[in-house]
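For reference, the chains in residue letters:
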Amino acid sequence: MTGRPFRRLVAASGLSNVADGITVVGVSLVAVTLTRSPVLVSLVSAAATLPWLLLALHAGALADRHDRRRIMVAANTLRAAALAGVALTAWLGLLSLPVLLAGALLTGVAEVLADTSAQSVLPMVVPRERLGEANGRLVAVQTVGNNFLGAPVAGVLVGIGATATLGTPALLYAAAALTLLGMRGRFRVETPSTRPLRADIAEGLRYLWGHRVLRSLALFSGVLNFANAAYFAVFVLWVVGEESRVGLTSAGYGVLTAALAAGAVAGSLVADRLTRRAGQVRTLIVADLVNGLLLFVPVLLPTVPGIAVTAVLLGATNAVSNVVIVSLRQRIVPGAMLGRINATARLIGMGATPLGAAAGGFLADRAGLPAVFCAAAVLCVVAVAVVSRSVTTASVAAAEEAARAAEAARAEEIRAGETA
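Please read these numbers as outputs of a predicted model, since none were measured by experiment.

*Asks:* Explanation requested: the overall build of the protein in the structure shown.
*Replies:* Check the secondary structure of the protein and you find 15 helices and 0 strands. In terms of C-alpha radius of gyration, the protein reaches 22 Å, essentially the compact-globule figure of 22 Å for 420 residues. Along the three orthogonal principal directions, the C-alpha set of the protein runs to about 75 × 55 × 35 Å. Looking at the protein residue by residue over its 420 residues, the buried ones come to 48%. Summarising the internal contacts of the protein: among those between residues at least 6 apart in sequence, 86% fall at separations of at least 24. Accessible area for the protein stands at about 18800 Å²; split by element, carbon and sulfur atoms hold 67% of it. When the 34 basic and 21 acidic side-chain charges of the protein are each reduced to a single mean position, those positions are 2 Å apart.

So, in structure tokens, the structure goes:
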């Protein structure tokens, strides 16, 4: 767990996630200096997330064919080059919205490649029985980098100028690439596919859909993402401003966001301990059930203390759920297919997010904010009840045993081929 490859991976993740936090906030703030059109400003965020819908499956197939560390190095290098180029145009006084959009799009493409390979490379540097602890540490580092360091630093850098705002994450991405170069070892599946990429993508989709546990977890995550996106798309209207129900200031909302992130860090660090004591499935079900019920609190108890405590608990339970699901997937999926399955799961989750946000806005306009919050909470609780019927301790144990048997058989085939 504490080996050099894992430490390098954690360090690179920390650097790139600080850069992510700066980029997400900084690019939007820079866009506001170029245009006041809400549609054009929103295009910048859309450009950064669009590659998940267009390229996630291809990124997963590539991660199962090539060295995953090298993909991460190349992706971080691409992000560094794209943002450095945009920063250069800002320094020369030539920055325009199309240039910023191109930089956001290239950065988004690189993020898809880097994140898909990062989730897939972890089982290659950490023993199977330590995956929960390793994922917990990574989630903690990612949360701190994005929320506690990246976002506040972006606010400071914007005051300095666009060159600093875009150039700083470029340097951090470059540092992450250099850190990954120090990871020694082979991070490629033993016998990568030589078939057309489309065939590999189709195989991954068939595998996930035909696997009861993986299919249930992927759809479950999609439903939760849909509900939470609907909830938080309009949550700010409930808590911020004199006309809101709670009456928080913008600064207070920032503190509330920090409380959510603090809970996520705590949850990610205790997730493995909880699963060892209570079991993976029980921990997952309880965490998501509590998370869903907590969504009722801002409606039933619309006070600053009540919502602050709720934010911490929401962050903690959400992080526990994420760690358990990712760790389960890494244990169940054969190494040769992990990239494609990770990418498919992320595609479902990312695809559900904009749909949920749109649904939340539509329902709020028609029925009011409390209707959105209650509907999202009910949807989450129902989803937990449904998934608990297919994702059980017995079904997960059987899936893990099948995965171990498949890996052993594959290793035996490789040894037989080498001695033939």
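Next, the rest of the story.
*Asks:* Where do I start with a nonpolar patch on the surface in this structure?
*Replies:* On the surface, Leu 50, Leu 53, Leu 54, Leu 55 and Leu 105 cluster together to form a nonpolar patch covering roughly 410 Å² of accessible area. A total of 4 residues in the nonpolar patch trace back to one element, the largest contributor, which is helix H2 (residues 38-63). The topology assignment puts Leu 105 in helix H4 (residues 97-125). Under the relative-accessibility criterion, Leu 105 is labelled partly exposed at 37%.

*Asks:* Would you explain the packing of helix H7 (residues 197-210) against helix H8 (residues 212-239) in this entry?
*Replies:* Interaxial distance between H7 and H8 falls to 5 Å at its minimum, and their mutual angle equals 95 degrees. One element, H7, and the other, H8, form an angle in the roughly perpendicular class. Contacts between H7 and H8 involve Tyr 207, Leu 208, Trp 209 and Gly 210 from the first element and Arg 212, Leu 214, Arg 215, Ala 218 and Leu 219 from the second. Here the contact of H7 with H8 is composed, by residue class, of 6 nonpolar, 1 polar and 2 charged.

*Asks:* What is the right way to read the pattern of salt bridges from this model?
*Replies:* It is possible for side chains bearing opposite charge to pair when their charged atoms get close. Enumeration according to the criterion identifies 14 salt bridges in this entry. When the shortest N-O distance is used, the salt bridge between Glu 133 and Arg 130 registers 2.7 Å. In this structure, the salt-bridge partner of Glu 203 is Arg 340, at a minimum N-O distance of 2.8 Å. Placement of Glu 203 in helix H7 and of Arg 340 in helix H13 (residues 338-367) is noted, with a sequence separation of 137 residues between them.

*Asks:* So what exactly am I meant to see when it comes to the nonpolar core here?
*Replies:* Generally speaking, a soluble globular protein has its nonpolar side chains buried in company with each other. With 52 residues, the main nonpolar core has Leu 217, Phe 220, Phe 235, Trp 238, Val 239 and Phe 373 as its most contacted residues. Counting residues per element, the ones that place at least two in this core are H8, helix H9 (250-278), helix H10 (280-294), helix H12 (304-332), H13, helix H14 (369-390) and helix H15 (393-419). Ranked by the residues each element gives to this core, the list is headed by H8, at 12 residues. Not counting the four nearest positions on each side in its chain, Trp 238 is found in contact with Ser 244, Arg 245, Val 246, Pro 298, Val 299, Pro 302, Leu 369, Pro 370 and Phe 373. Ile 22, Leu 83, Ala 90 and Leu 166 belong to the second largest nonpolar core, which has 23 residues in total.

*Asks:* Is there a simple way to explain the packing of aromatic side chains in this structure?
*Replies:* We describe a pair of aromatic rings using the distance from one ring centre to the other and the angle between the two ring planes. In total, this model carries 6 aromatic pairs according to the counting rule given. Centroid distance Tyr 231 to Phe 235: 5.7 Å. Interplanar angle 25 degrees. Geometry classified as stacked. Of the two residues, Tyr 231 and Phe 235 are both situated in helix H8; the distance of 4 residues between them amounts to about one turn of the helix. Here Phe 235 falls in the buried class, since its relative accessible area comes to 6%. Relative to Phe 235, the ring of Phe 232 has its centre 5.5 Å away and its plane inclined at 70 degrees; by these criteria the two rings are edge-to-face. Placement of both Phe 232 and Phe 235 in helix H8 is noted, with a separation of 3 residues, approximately one turn of the helix. Of the aromatic side chains, those joined through ring pairs into one cluster are Tyr 231, Phe 232, Phe 235, Trp 238 and Phe 373.

*Asks:* Just to check I follow, could you spell out the environment of Val 141 for this structure?
*Replies:* Structurally, Val 141 is set in helix H5 (residues 131-160). Sequence separation between Val 141 and Pro 196 is 55 residues; the distance between their C-alpha atoms is 37 Å. If we ignore the near neighbours within four places in the chain, the residues touching Val 141 are Val 10, Ser 13 and Gly 14.

*Asks:* Would you mind showing me how to read empty space enclosed by the protein here?
*Replies:* With a probe scaled to a water molecule rolled over the atoms, the places where space remains empty come into view. According to the stated counting rule, one finds 1 cavity of 30 Å³ or more in the structure shown. Computed from the structure, the largest cavity encloses a volume of approximately 40 Å³. Along the walls of the largest cavity sit Leu 208, Leu 214, Leu 217, Ala 218, Ile 325, Arg 329, Ile 341 and Ala 345, which together make up its complete lining. Elements with a contribution of two residues or more to the lining of the largest cavity: H8, H12 and H13. Here the element with the most residues in the lining of the largest cavity is H8; it accounts for 3 residues.

Cut-offs and rules
Starting from 1, residues in each chain are numbered consecutively following that chain's sequence as written. Where totals are concerned, whole chains, interfaces and linings use all residues; where local detail is concerned, this predicted model gives features only for residues with pLDDT of at least 70, and gives and counts side-chain atom pairs only at 80 or more. Values shown for side chains rest on all heavy atoms present in the structure; no hydrogens or waters enter the calculation. For helices the rule is a DSSP run of H or I covering at least 4 residues; for strands it is a run of E covering at least 2, with both sets numbered from the N terminus onward. Here the globule rule is a power law, 2.2 Å times the number of residues to the power 0.38, and the radius of gyration is based on C-alpha atoms. With a 1.4 Å probe rolled over the protein chains alone, any residue whose accessible area is under 20% of its type maximum counts as buried; one over 50% counts as exposed, and the rest are partly exposed. Whether two residues are in contact is decided by their heavy atoms, any of which lying within 4.5 Å being enough. Using the Shrake-Rupley algorithm and a 1.4 Å probe, accessible areas are obtained, with residue cover drawn only from the displayed protein chains. When charges are counted, Lys and Arg are positive and Asp and Glu negative, with His and the chain ends excluded. One atom stands in for each charge, and that atom is NZ of Lys, CZ of Arg, CG of Asp or CD of Glu. Residues qualify for a patch when their relative accessible area is over 30% and they have no salt bridge, like charges being joined within 9 Å and the nonpolar side chains of Val, Leu, Ile, Met, Phe, Trp and Tyr within 5 Å. Each salt bridge in this description consists of a side-chain nitrogen of Lys or Arg and a carboxyl oxygen of Asp or Glu lying within 4 Å of one another. Angles run from 0 to 180 degrees between N-to-C directions of axes, and those axes are lines fitted to C-alpha atoms, restricted for helices to the stretch in contact. Orientation categories follow fixed angle ranges, with anything under 35 degrees roughly parallel, anything over 145 roughly antiparallel, 65 to 115 roughly perpendicular, and all other angles oblique. Each residue receives one of three labels: charged for Asp, Glu, Lys and Arg, nonpolar for Ala, Val, Leu, Ile, Met, Phe, Trp, Tyr, Cys and Pro, and polar for the others, Gly being one of them. Only buried residues count toward a nonpolar core, which is a set of Ala, Val, Leu, Ile, Met, Phe, Trp, Tyr and Cys residues joined through side-chain atoms within 4.5 Å. Any Phe, Tyr or Trp ring, taking Trp's six-membered ring, that has another such ring centre within 6.5 Å forms a pair; planes under 30 degrees apart are called stacked, those over 60 apart edge-to-face, and the others tilted. Buriedness of a pocket was judged along seven lines, with at least five required to meet protein on both sides within 12 Å; pockets are open sets of points on a 1 Å grid over the protein atoms alone, cavities are sets where a 1.4 Å probe fits but cannot get out, and lining residues have an atom within 4 Å of a point. Grid points are joined across faces, edges and corners, and a volume is the space filled by probe spheres set on the points.

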